[in-house]
Each structure stands twice: as C-alpha cells, then as structure tokens.
Amino acid sequence: MSIESRLSELGVILPDAPAPAANYVPFVQVGDIVYVSGQISNGPDGLIVGKLGADMDVEAGAAAAKTCAISLLAQVKAACGGDIDRLVRVIKLTGFVNSTADFTDQPKVINGASDFLVEALGDAGRHSRSAVSAAALPLGVAVEIEGIFQIK
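Values in this document were obtained by computation on a predicted structure and should not be read as measured data. (Residues numbered from 1 in each chain as written. Predicted model: local features only at pLDDT ≥ 70, side-chain atom pairs only at ≥ 80, totals over all residues. Heavy atoms only, no water.)

Asks: Residues and numbers for the pattern of salt bridges, please.
Replies: Scanning the entire structure with this criterion turns up four salt bridges. Between K77 and E4 there is a salt bridge, with its nearest N and O atoms 2.8 Å apart. Note that K77 is positioned in helix α2 (residues 58–79) and E4 in helix α1 (residues 3–9), a separation of 73 residues in sequence. A relative accessible area of 30% means that E4 is categorised as partly exposed. Linking K108 and D105 is a salt bridge whose minimum nitrogen-to-oxygen distance equals 3.8 Å. Note on D105: relative accessible area 26%, which makes it partly exposed. (Salt bridge = Lys/Arg side-chain N within 4 Å of Asp/Glu carboxyl O. Helix = DSSP H or I, 4+ residues; strand = E, 2+ residues; numbered from the N terminus. Buried < 20%, exposed > 50% of the residue type's maximum accessible area, 1.4 Å probe, protein only.)

Asks: Give me the nonpolar core: which residues, what numbers.
Replies: F116, V143 and I145 are the most contacted members of the largest nonpolar core, which has 36 residues in total. Among the secondary structure elements, those contributing two or more residues to this core are α1, β2 (33–40), α2, β5 (87–98), α3 (106–121) and β7 (143–151). Here the element with the most residues in this core is α2; it accounts for nine residues. Beyond its immediate stretch of four places on either side in the chain, V143 contacts Q39, I40, S41, G61, A64, A65, C68, F96, V109, I110 and L137. (Core = buried A, V, L, I, M, F, W, Y, C linked by side-chain atoms within 4.5 Å. Contact = heavy atoms within 4.5 Å.)

In structure tokens, the structure reads:
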C-alpha cells in the first residue's frame, strides 16, 4: 500500500509544505538523506500555542506533536518532488517541548509524533529520537520537531 493511501485511511491529507519563516531552507538533501528543519505545531485553526505543565496537558501536547509530524512528511514529500513513496525510512526526530521547569513528560508529548509516524509508515516510521524541554519556542507554539529521513 502506498504511503498516500495509508495516510488517507488515517484521515490525513498532507498539506503543502510550510514555507520557512526566516533565513533558512525547509530541508537539505545530501545523497539519500533529507534533513528537515524544525516544524512547529500548527493545526487547521492555526498555531497550537501553549506551555506544557502550565496551560496545556500531555494529551494536547501529543496532538500538537502529531501536527509537527504531518508537516515533516509534507516537507519530505516536497523533497521527493511530490512522490512521498520515495520515503525509505524515518531516521531521527528531535522534539522540543515548550514546558515549565518542573515538567518531565517531554517523551510522552513527542510520542504524538512518533506513534503517528509508526502508524502511518509501519517499520519505516521507527526512528531514534530526542525529546527535550524548551523555556520558549517560536511564536509561543507548544512543540517543534526536526527530522532526518532516508529517501530513494
């Protein structure tokens, strides 16, 4: 089954790849590896803002992380010239969680992205990762995630 078909079964349509917000490129390809710049939590109603441990719970943070994963896949699709089926595997994610100093469930928040990628891509979605806290993120968003992917 194609990746687009699997995403469709999950009710996910990849948006157009978000444009960068500053002086950087959305992705860089070196050989068969694509490095995708950080994607911020953004849903159908706009930016998903908040601080975990203050005004946002883990479940809402995980949902925000899933939106980052969808944007990451949109960037990979763009890197693949529109053919997401060229994606071989997710190599690594680095997740940043806008959280209070005493919040310690960053991994549970980033699971929103990790779980989605495995659900959508199967074994090709399994990856190494880091999940870290940030005192603040751009525009007050709850989550930002960058990724490294292998394509063919």
